[in-house]
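Spelled out from the first residue to the last, the chains are:
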Amino acid sequence: MSTLSDATTFRRVLLQARQGDRVSFAQLVEHYHPRAMRFALQMLRHREDAEEAVQDTFVRVYDNLARFREDAPFDPWFFRILGNRCRTLLVRRKRHHDIIDYGDLPHDAASVEAVDLPSDHFTHDVHRALAELPAEQREAFLLRHVNDMDYEEMTIVTGAKGSTLRMRVKRAIDALRNRLHAPMREGAFHD
């Protein structure tokens, strides 16, 4: 399969997928799956939930691709669907946790370990600190600093205003600095 790294190839494959070409849609899935899984894992902290969110996202993208505006940017549209699926699963999980008493187990302690975390200590600490952020801050941080979206694209994904997103990113960065207990270089994360 061809790579989708250049804009012309990506647009051609997207157009073919919109017209119902399954091979082209498979190329989109192959291209977006790693980023989608990384985002979902870091949002949800459960492999099964992340896989469900990503699978649901691709089904929704497939079902709605014909309605996607050809002139619109695809990344924000895709991540809006994925973000909505992640938020839905977080709400469902919270309701489930409110109903079931898990005894002495700390909230989400086992699930954080279930995520495939890299073996180096600092990266492990970063993933753990990300998992401790409130969902809105974690989402904003991941969209900005992992998926390299600008605030306009993030607004499309989340529906929040740019000023709100800037504050969420700032609070996430501040919290990460505090939780990592190591002075991070000023400007390591910037807006």
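Here the residue numbers are simple positions, counted from 1 along each chain's written sequence. It should be noted that, the model being predicted, local features are given only for residues of pLDDT at least 70 and side-chain atom pairs only at 80 or more, the latter also being counted only at that level, while totals for whole chains, interfaces and linings use all residues. Working from all heavy atoms in the structure, the side-chain values ignore hydrogens and water.

Draft legend 1. Spotlight on the packing of aromatic side chains. Paired rings are identified among Phe, Tyr and Trp, the last through its six-membered ring, by centres lying within 6.5 Å, and are further divided according to the angle between planes into stacked (under 30 degrees), edge-to-face (over 60) and tilted (the rest). Summed over all chains, the structure comprises 12 aromatic pairs. With 5.4 Å between their ring centres and 85 degrees between their planes, phenylalanine 68 and phenylalanine 74 make a pair best called edge-to-face. Joined through ring pairs, the aromatic side chains of Phe10, Tyr32, Phe39, Phe58, Phe68, Phe74, Trp77, Phe78 and Phe79 make up one cluster. It is arginine 166 that lies over the ring of tyrosine 151; its NZ or CZ is 4.4 Å from the centre. Either the NZ atom of lysine or the CZ atom of arginine qualifies as a charge over a ring when it sits within 6 Å of the ring centre and within 35 degrees of the ring normal.

Draft legend 2. Highlighting the nonpolar core. Among the buried residues, those of types Ala, Val, Leu, Ile, Met, Phe, Trp, Tyr and Cys that are joined through side-chain atoms within 4.5 Å form a nonpolar core. Buried residues are those whose accessible area, probed at 1.4 Å on protein chains only, stays under 20% of the maximum for their type, while exposed residues exceed 50% and partly exposed ones sit between those limits. Counting residues in each nonpolar core, the largest one holds 50 residues, and the members touching the most others are Leu28, Leu65, Phe74, Phe78, Phe79 and Leu82. By the criteria applied, helices consist of DSSP H or I runs no shorter than four residues and strands consist of E runs no shorter than two, each listed in order from the N terminus. Contributing elements (two or more residues each) for this core: helix H1 (7-18), helix H2 (22-44), helix H3 (47-64), helix H4 (74-99), helix H6 (121-132), helix H7 (135-146), helix H8 (151-158) and helix H9 (162-180). Element by element, the count of residues in this core is highest for H2, at 10 residues.

Draft legend 3. Geometry of unusual backbone geometry. Despite not being glycine, arginine 45 shows a phi value in the positive range, around 65 degrees. Among the structural elements, arginine 45 can be located in the loop between H2 and H3. Despite not being glycine, aspartate 148 has its phi angle at roughly 55 degrees, a positive value.

Draft legend 4. Summary view of the side chain of threonine 57. Within the secondary structure, threonine 57 is located in helix H3. Polar contact is the term for a pair of N or O atoms within 3.5 Å; when the atoms are in protein, one must be able to donate a hydrogen and the other to accept it, and sequence-neighboring residues count only if both atoms are side-chain atoms. In terms of polar contacts, threonine 57 uses its side chain to reach the backbone carbonyl oxygen of alanine 53, at 2.7 Å. What threonine 57 contacts, discounting residues up to four positions off in sequence, is Phe78, Ile81, Leu82 and Arg85. In what follows, a contact means two residues having at least one pair of non-hydrogen atoms within 4.5 Å.

Draft legend 5. Geometry of the pattern of salt bridges. Whenever a carboxyl oxygen of Asp or Glu lies within 4 Å of a side-chain nitrogen of Lys or Arg, that contact is scored as a salt bridge. The final tally for this structure, using the stated rule, is 11 salt bridges. The residue arginine 47 makes a salt bridge to glutamate 51 at a minimum N-O spacing of 3.6 Å. Placement of the pair is arginine 47 and glutamate 51 together in helix H3, with a separation of four residues, close to one helical turn. For arginine 47, a relative accessible area of 23% puts it in the partly exposed group. The class for glutamate 51 is partly exposed, based on a relative accessible area of 39%. Here arginine 168 and glutamate 136 are joined by a salt bridge, their closest N and O atoms 3.5 Å apart.

Draft legend 6. Main features of the packing of H1 against H2. Between the N-to-C directions of two axes lies an angle of 0 to 180 degrees, each axis being a line fitted to C-alpha atoms and, for a helix, fitted only over the stretch in contact. Close contact between H1 and H2 brings their axes to 7 Å; oriented N to C, the two are set at 125 degrees. As summarised for this structure, H1 and H2 are arranged oblique, according to the angle between their axes. The two elements H1 and H2 meet at a crossing, and its hand is left-handed. Facing H1, whose interface residues are Phe10, Val13, Leu14, Gln16 and Ala17, H2 presents Ser24, Phe25, Gln27, Leu28, His31 and Tyr32. Lys, Arg, Asp and Glu make up the charged group, whereas Ala, Val, Leu, Ile, Met, Phe, Trp, Tyr, Cys and Pro make up the nonpolar group; the residues left over, Gly among them, are polar. A per-class count over the contact of H1 with H2 returns seven nonpolar, four polar and no charged. Oblique is the label for any angle not covered by the other classes, which are roughly parallel (under 35 degrees), roughly antiparallel (over 145) and roughly perpendicular (65 to 115). Note: crossing handedness is left-handed where the near helix turns anticlockwise from the far helix by less than a right angle, and right-handed where it turns clockwise.

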